[in-house]
Amino acid sequence: MRCQEVHVRPDPSAPSDSGSDPDDRWLALVMRVTFFVLVGTSMVRFVQRHTQEARAPWVIALAVVLAVLYLLGPVTEVKADPGRGGMPWPPAPRLAWLGMVVTAWAVLVLLAPSFAWVAVPLFYSVLRTLPPVAAYVLVAFLTLFVIFAQLTLAPRFNLDLVIGPAAVAALTTAVFLHMQRQAVRQHALIDDLVRTRRELAATERREGTLAERQRLSMEIHDTLAQGLSSQQMLLQAADRTWESDPAKARGHLRTAASIAELNLAEARRFVHDLAPADLAHGGGLDAALHALAERESGAGLAVRVHIDAGGRLTPLPERVQSALLRIAQGALANVREHSGATTAALTLTRLDDQVVLDVADNGHGFDPTALPEAPSGARGHGVPAMRARMRQLGGTLTIESAPGEGAVLTAAVPVPAPVP
């Protein structure tokens, strides 16, 4: 059963989570400091000018209460639930706290209008706490209160005292909304990136699994399947000549037994690390090709090997050696089963930037354009598997043949130049 992962994006209208975003925490700290600075400077101004008035003790006490209430604000904050996309309204303790702070500030402004500018950090608290519509209404109310307080202090009506607080409130609201929407888009982008990364990882795992399956199918075809096919042919030949030529039949049986022994070694090596058994004995690709040629020679087919290393002693990468040996095995299996050839030649040529394997035979030839591009049927892995191996190594596979003219298969693999 497949489980689909669900990503819930945050709601732009929901209160932000101040506990999860470092920038939001930093801004909250700045607003708190600004609040206390404004309360402090307003109190100093009031004390300097109105300390002898009867309302002075009430104003000072109310300012202290307002500061204490505001200080308790972080205690009432509740983180938004990401699984629910945030809450449209804060819990009761948070609403009660905001109501007490706004009420204390409003009464304080009625007693001492100089405290009106404390509304600026209050805008931030309101916008963070309430849903958008309610927050806009309360910000407008606070702005009107600030305008009223400013006009009360002024000796005559001044339009700047109306436009200034309104502009500050509008700017504060716009900046807050912009920051909130930016945060929402950022979270959505992060969610998309995380989801894309997971999907990419899943795709890579699937592709890796498919590639490994294809590799395993090619390994099985080039080893056990070909060996079993050769054994079948040898056993059938032994059965045909058992009565007429017992010695020849026994030769076929001995060859089949040796192939079975090699297949057993291949199977064990296949289980161990999937490397060709011929390469596991040491000596590299050169020795493995000679062993392959010796094993495939007989029963009407002679296989020769020519190595042209050009004095290059740097060993080839194991992947390259394995791939070329598998291609040689597959090519010789095709020669034995389909070409009717009597001779075949394996030529390994080492160049500065590549290694080339040629497999030539004197068989009846064929039309290379008629070869399948993809595996089909029980015997469809041969040439398509060789091409797949070359593609994995960045090499090329070419086949030259014509009816009655034999065939030459060439596999060229780029190799890094030796470091001087």
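Bear in mind that the values here come from a model prediction, so they are computed numbers and not experimental data. (Residues numbered from 1 in each chain as written. Predicted model: local features only at pLDDT ≥ 70, side-chain atom pairs only at ≥ 80, totals over all residues. Heavy atoms only, no water.)

Colleague: So, the nonpolar core: which residues are in play, and what are the values?
Modeller: Leu66, Trp105, Phe115 and Val126 are the most contacted members of the largest nonpolar core, which totals 42 residues. For this core, the elements supplying multiple residues, two or more each, are helix 1 (22–50), helix 2 (56–71), helix 4 (92–111), helix 5 (119–129), helix 6 (132–153) and helix 7 (160–241). If one sorts the elements of this core by residue count, helix 4 sits on top with 9 residues. Setting aside residues up to four positions removed in sequence, Phe115 forms contacts with Val39, Ser42, Met43, Phe46, Val59, Ala63, Trp105, Leu108 and Val109. Core analysis: the next-biggest nonpolar cluster, separate from the first, contains 35 residues, Leu285, Ala341, Val355 and Leu397 among them. (Core = buried A, V, L, I, M, F, W, Y, C linked by side-chain atoms within 4.5 Å. Buried < 20%, exposed > 50% of the residue type's maximum accessible area, 1.4 Å probe, protein only. Helix = DSSP H or I, 4+ residues; strand = E, 2+ residues; numbered from the N terminus. Contact = heavy atoms within 4.5 Å.)

Colleague: Please provide a residue-by-residue account of the pairing of strand 2 (residues 343–350), values included.
Modeller: Within strand 2, 6 of the 8 residues are buried, which leaves the element mostly enclosed by the surrounding structure. Hairpin remark: strand 2 followed by strand 3 (residues 354–361), antiparallel, with 3 residues in the connecting loop. (Pairing = 2+ DSSP bridges.)

Colleague: Requested: an account of the sheet that holds strand 1 (residues 302–308), with residues and values cited.
Modeller: As summarised here, the arrangement of the 5 strands in space is 1-2-3-5-4, forming an open sheet in which the pairing is mixed. Each having just a single partner strand, strand 1 and strand 4 (396–401) make up the two edges of the open sheet. Sheet twist, expressed as the mean angle between neighbouring strand axes with direction ignored, is 10 degrees. Two strands pair when backbone bridges link them, and strand 4 and strand 5 (residues 407–414) are joined in this way by 6 bridges, in the antiparallel orientation. Its bridge partner lying in strand 5, Glu400 is registered against Val408. Where helix 10 (residues 284–296) meets the sheet, its contacts fall on strand 1, strand 2 and strand 3, and the angle it forms with strand 1 comes to roughly 165 degrees. Contacting strand 1, strand 2, strand 3 and strand 5, helix 11 (residues 318–339) runs over the sheet at an angle of about 10 degrees to strand 3. (Axes fitted to C-alpha atoms, helices over the stretch in contact; angles between N-to-C directions.)

Colleague: Please set out a nonpolar patch on the surface residue by residue, giving values where relevant.
Modeller: Where nonpolar side chains cluster on the molecular surface, the patch consists of Val47, Ile60, Val64, Val68, Leu72 and Val75 and spans about 480 Å² of accessible area. Relative to the helices and strands, Ile60 resides in helix 2. (Patch = residues over 30% accessible without salt bridge, like charges linked within 9 Å, V, L, I, M, F, W, Y side chains within 5 Å. Areas by Shrake-Rupley, 256 points an atom, 1.4 Å probe, with all protein chains shown as cover. Salt bridge = Lys/Arg side-chain N within 4 Å of Asp/Glu carboxyl O.)

Colleague: Describe the confidence of the model for the protein, naming the residues involved and giving the relevant values.
Modeller: In this model, the protein carries a mean pLDDT of 77, and residues with pLDDT of at least 70 account for 83%. With pLDDT under 50 throughout, residues 1–19 is counted as low confidence; its partners more than four residues away or in other chains account for 37 contacts. Confidence over residues 376–380 falls short of pLDDT 50; this stretch has 4 contacts with residues more than four positions distant or in other chains. (pLDDT = per-residue confidence, 0-100.)

Colleague: Tell me about the packing of aromatic side chains, and name the residues and values.
Modeller: Considering all chains together, one arrives at 4 aromatic pairs under this definition. Judged by centre distance (3.8 Å) and plane angle (15 degrees), the ring pair of Phe35 and Tyr70 falls under stacked. Taken together, the residues Phe35 in helix 1 and Tyr70 in helix 2 connect sequence positions 35 residues apart. Taken individually, Phe35 and Tyr70 each receive the classification buried, so the pair is uniform in this respect. The interplanar angle of 45 degrees and the centroid separation of 6.1 Å between the aromatic rings of Tyr70 and Trp97 together place this pair among those described as tilted. (Phe/Tyr/Trp six-rings, centres within 6.5 Å; stacked < 30°, edge-to-face > 60°.)

Colleague: Tell me about the pattern of salt bridges, and name the residues and values.
Modeller: This structure, assessed with the given rule, holds 2 salt bridges. Among the ionic pairs, Asp192 bridges to Arg195, the shortest N-O distance being 2.4 Å. In this pair, Asp192 and Arg195 are both assigned in helix 7, 3 residues apart and thus about one turn of the helix distant. Here Arg195 falls in the partly exposed class, since its relative accessible area comes to 27%. Between Glu296 and Arg336 there is a salt bridge, with the nearest N and O atoms lying 3.2 Å from each other. In this pair, Glu296 is assigned in helix 10 and Arg336 in helix 11, connecting sequence segments 40 residues apart. You can call Glu296 buried: its relative accessible area is 13%.

Colleague: Outline the packing of helix 10 against helix 11, supporting the account with residue identities and numerical values.
Modeller: The packing of two helices is summarised by the inter-axis angle and the distance between the axes. Between helix 10 and helix 11, whose axes approach to 10 Å, the crossing angle comes to 15 degrees. Here helix 11 runs roughly parallel to helix 10, going by the angle between their axes. Like other packed secondary-structure pairs, helix 10 and helix 11 cross with a definite hand, here right-handed. In this structure, helix 10 uses Gly284, Leu285, Ala288, Leu289, Leu292, Arg295 and Glu296 to contact helix 11, whose residues at the interface are Gln321, Leu324, Leu325, Ala328, Gln329, Leu332 and Arg336. (Parallel < 35°, antiparallel > 145°, perpendicular 65-115°, else oblique. Left-handed = near helix turned anticlockwise from the far one by under 90°.)

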